[in-house]
Amino acid sequence: MAARPTDDGEVAGLVEELSAWLGAVFLRYPDGASVLPECWLWHPDVVEELLWLMHAWLAAYQGSDASVAAAGDWHDRQRPGVTSRIRKSAGSCSIEAHQTRPGWAAPGGAPVPVPGLEHASAITGWWAQHRDQAPPEPAPAVSPIGGVLG
């Protein structure tokens, strides 16, 4: 599943297009300018929010289905929602928070592992064949030193 571009040139093109749009549209709004940290490129969630917002703006203003209603939705709901989520996710972040220095904690940003995958094999059979019955009970968690947790 290729849900994101992996070609360096394609990614560079997306970043260039998004950066141009940020300067031309998003940063004209005071709340947009105040919420976007200098390290926004280090936050995949922020980049995805902004890409989505850019495409929503393009559809509202320039697409074949562009409309006053779509533009109003962009202004009233979509743009304020994105600025709110960016503020919560990265609002107080900075470039320095992404740099490693002696004595500093490692910078964040690594992908979060999908929780619960150790139970996938036990639950898939239930999903496929026995959903009309109670699901299987999860196996007890085991500590790294061998004892059962809980």
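Residues numbered from 1 in each chain as written. Predicted model: local features only at pLDDT ≥ 70, side-chain atom pairs only at ≥ 80, totals over all residues. Heavy atoms only, no water.

**With respect to the overall build of the chain**
Right, so step 1: Helix and strand counts for the chain come out as five helices and zero strands.
Right, so step 2: When the helices and strands of the chain are read in sequence order from the N terminus, they spell out α-α-α-α-α.
Right, so step 3: Burial analysis of the chain (150 residues in total) assigns 23% to the buried set.
Right, so step 4: Excluding contacts between residues fewer than 6 apart, the proportion of contacts in the chain whose partners are at least 24 apart in sequence is 54%.
Right, so step 5: When the accessible surface of the chain is summed, it comes to about 10,600 Å², and 59% of that surface belongs to carbon and sulfur atoms. (Helix = DSSP H or I, 4+ residues; strand = E, 2+ residues; numbered from the N terminus. Buried < 20%, exposed > 50% of the residue type's maximum accessible area, 1.4 Å probe, protein only. Contact = heavy atoms within 4.5 Å. Areas by Shrake-Rupley, 256 points an atom, 1.4 Å probe, with all protein chains shown as cover.)

**Remarks on the packing of aromatic side chains**
Right, so step 1: Applying the stated criterion across every chain yields a total of six aromatic pairs.
Right, so step 2: Between Trp 21 and Trp 74 the ring centres are 6.4 Å apart and the planes differ by 90 degrees, which places this aromatic pair in the edge-to-face class. Here Trp 21, found in helix α1 (residues 8-24), pairs with Trp 74, found in helix α4 (residues 68-90); they are 53 residues apart in sequence, far enough to count as distant. Each member of the pair, Trp 21 as well as Trp 74, carries the same accessibility label: buried. (Phe/Tyr/Trp six-rings, centres within 6.5 Å; stacked < 30°, edge-to-face > 60°.)

**Structural notes on the environment of Val 82**
Right, so step 1: Within the fold, Val 82 resides in helix α4.
Right, so step 2: Taking C-alpha positions, Val 82 is 9.2 Å from Trp 52, a pair spaced 30 residues apart along the chain.
Right, so step 3: Non-local contacts of Val 82, meaning those with residues more than four positions away in its chain, are made with Glu 49, Leu 50, Trp 52 and Leu 53.

**Thoughts on α1**
Right, so step 1: Given a rise of 1.5 Å per residue, 17 residues ought to cover 24 Å, and the 24 Å separating the end C-alpha atoms of α1 matches this to within 8%.
Right, so step 2: Looking only at α1, the buried set comprises Leu 18, Trp 21 and Leu 22. Each buried residue of α1 sits inside an arc of 105 degrees when the element is viewed along its axis, so together they form one side. Pointing more than 90 degrees away from the buried face of α1 are the exposed residues Asp 8, Glu 16 and Ala 20.
Right, so step 3: On the buried face of α1, the contacting elements are α3 (44-61) and α4.
Right, so step 4: For α1, the N-terminal cap is Asp 7; the gap from its side-chain oxygen to the backbone nitrogen of Gly 9 is 3.1 Å. (Expected span 1.5 Å × (residues − 1). Arc of directions from axis to C-beta. Polar contact = N/O pair within 3.5 Å; in protein donor to acceptor, adjacent residues only side chain to side chain.)

**Section: the pattern of salt bridges**
Right, so step 1: Scanning all chains against the criterion turns up three salt bridges.
Right, so step 2: Between Glu 49 and Arg 85 there is a salt bridge, with its nearest N and O atoms 2.6 Å apart. Pair noted here: Glu 49 is in helix α3 and Arg 85 is in helix α4, with a separation of 36 residues, a long-range link. (Salt bridge = Lys/Arg side-chain N within 4 Å of Asp/Glu carboxyl O.)

Note that every value here comes from positions in space, so none of it alone points to a role or purpose.
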